[in-house]
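Residues per chain, in single letters:
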Amino acid sequence: MSLISCHDLTVRLGGSVILSHVSLSINEGEIVTIVGPNGSGKSTLLKTLLGAVTPAKGRVETADGLRVGYVPQKLHIDPTLPLPVLRFLGLPKPVARDAAMAALERTGVAALAGRQAADLSGGQMQRVLLARAILNAPQLLVLDEPTQGLDQPGSADFYRLIEDLRAELGCAVLMVSHELHVVMAASDRVICLNGHVCCEGAPAHVATAPEYRALFGTGTGGALALYRHEHNHSHDHDHDHAHEAAE
C-alpha cells in the first residue's frame, strides 16, 4: 500500500523552477533513497512531501492518519539555551520519560540524556534526532542526508541502525543521501533526481542506467559489491568506531 505519493509535482522557489513533473510513491516497509547532484531539489522534494513547501502544480497524497518521523539534515540549537537532551525530546509536546529513554537507548545515546543538546557532536545529535523521530512509532521515517559530516565507519553504522529500525518498526524509510556506495547496499529502491526524476528502480538497475552515469560517472558501478564486502567483514570494527563517537 502506498503511504505517500506525489503526482506531476512542479515546485517554484524565488521564481525558479526547482522540481518539474515529479511523480513517485513510497510503499509500506520499503527503503527508498533519493540521490542527485547539489541543487537537484532533493531537500525541496522532501519538504514538499511533508507539507512544508506548497507546489505550484500537482498534488501530494498521504495515507489516512500517516505517522511520520523526520530527521533533518542539521538542526541549530542556540548554545545559550539550556536544553538537556531529555527535555529536547519532549518538544513540542511532552513525552513520558520512559518512552524518551527507550528511544535514546535504541539509538545508542541513552548516556547523553542529561547533556546539553547544544554541546553534542554531529554524530551524537543525529542519533538524538533519530530517537525523537521514532517516538511516535512512525509508519514512514524521513531522513535528509542524516550522515553528513560523519566518518565512513560512523556513517555505515548509522545506516545499519536505520535498517534495523525499519525491521523492528515495520516502517518505510525515505532518505536523501550523497553516499552512493551506501545507498546501493541499503536501499530497496533508488530515485535519481535532477529537477526531475531521471531514473528509478532497484539499486543494481539504477547504477547501470545512462542517466545515472551521466550525473555520477561510472565509478560507482561496483559500489554494491564493495559495500557488501565491507559490511560483512568490518561490522565489529565499524560498531566500535560508532560507539566511540557516541561517547
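Not measured: the values here are computed from a predicted model.

## Focus: the pairing of strand E8 (residues 189-193)
And step 1. With 5 of 5 residues buried, E8 is to be regarded as a mostly interior element.
And step 2. Judged by which residues are buried, E8 turns out to be covered on both faces: Arg189, Ile191 and Leu193 on one side and Val190 and Cys192 on the other are all buried.
And step 3. Of the pairings in the sheet, the one linking strand E3 (residues 31-35) to E8 comprises 4 bridges and is parallel in character. Its bridge partner lying in E8, threonine 33 is registered against valine 190.
And step 4. Between E8 and strand E9 (residues 197-201), which pair antiparallel in sequence order, lie 3 residues; one of them, glycine 195, sits at a positive phi of approximately 85°.

## Topic: the environment of isoleucine 18
And step 1. Tracing the sequence through the fold places isoleucine 18 in strand E2 (residues 16-27).
And step 2. Looking at isoleucine 18, the relative accessible area reads 24%, which means it is partly exposed.
And step 3. Taking the C-alpha atoms as reference points, isoleucine 18 and glycine 39, 21 residues apart in sequence, are found 8.3 Å from one another.
And step 4. Residues in contact with isoleucine 18, not counting those within four places in the same chain, are Val11, Arg12, Leu13, Ser40, Gly41, Thr44 and Gly195.

## Comments concerning the side chain of threonine 147
And step 1. Relative to the assigned elements, threonine 147 resides in the loop between strand E6 (140-144) and helix H5 (152-169).
And step 2. A distance of 3.4 Å separates a polar atom in the side chain of threonine 147 from a polar atom in the side chain of tyrosine 159.
And step 3. In this structure threonine 147 touches Ser155, Phe158, Tyr159 and Glu179, once residues within four positions along its chain are discounted.

## Side note on the sheet that holds E2
And step 1. Taking strand neighbours across the sheet as the criterion, the 3 strands line up as E2-E1-E4 in an open arrangement whose pairing is antiparallel. Both edges of this open sheet fall to E2 and strand E4 (57-62), since each of them pairs with a single strand only. Taken over all neighbouring pairs, the strand axes of this sheet differ in orientation by 15° on average, direction set aside.
And step 2. Where strand E1 (residues 2-13) meets E4, 5 bridges bridge the pair, whose relative direction is antiparallel. Bridge pairing in E4 links serine 5 to glutamate 61.
And step 3. Strands E1, E2 and E4 of the sheet are contacted by helix H1 (residues 42-49), whose axis makes an angle of about 120° with E1.

## Some thoughts on helix H4 (residues 122-133)
Think of an α-helix as 3.6 residues a turn; residues three or four steps apart then line up on the same face.
And step 1. The end-to-end C-alpha distance of H4 is 16 Å, a good match for the 16 Å that 12 residues give at a rise of 1.5 Å each.
And step 2. The buried fraction of H4 is high, at 10 of 12 residues.
And step 3. Taken together, the buried positions of H4 are occupied by Gly123, Gln124, Met125, Gln126, Arg127, Val128, Leu129, Leu130, Ala131 and Ala133.

What counts and what doesn't
Residues numbered from 1 in each chain as written. Predicted model: local features only at pLDDT ≥ 70, side-chain atom pairs only at ≥ 80, totals over all residues. Heavy atoms only, no water. Buried < 20%, exposed > 50% of the residue type's maximum accessible area, 1.4 Å probe, protein only. Helix = DSSP H or I, 4+ residues; strand = E, 2+ residues; numbered from the N terminus. Pairing = 2+ DSSP bridges. Contact = heavy atoms within 4.5 Å. Polar contact = N/O pair within 3.5 Å; in protein donor to acceptor, adjacent residues only side chain to side chain. Axes fitted to C-alpha atoms, helices over the stretch in contact; angles between N-to-C directions. Expected span 1.5 Å × (residues − 1).

Any link to function would need more than the numbers given here.
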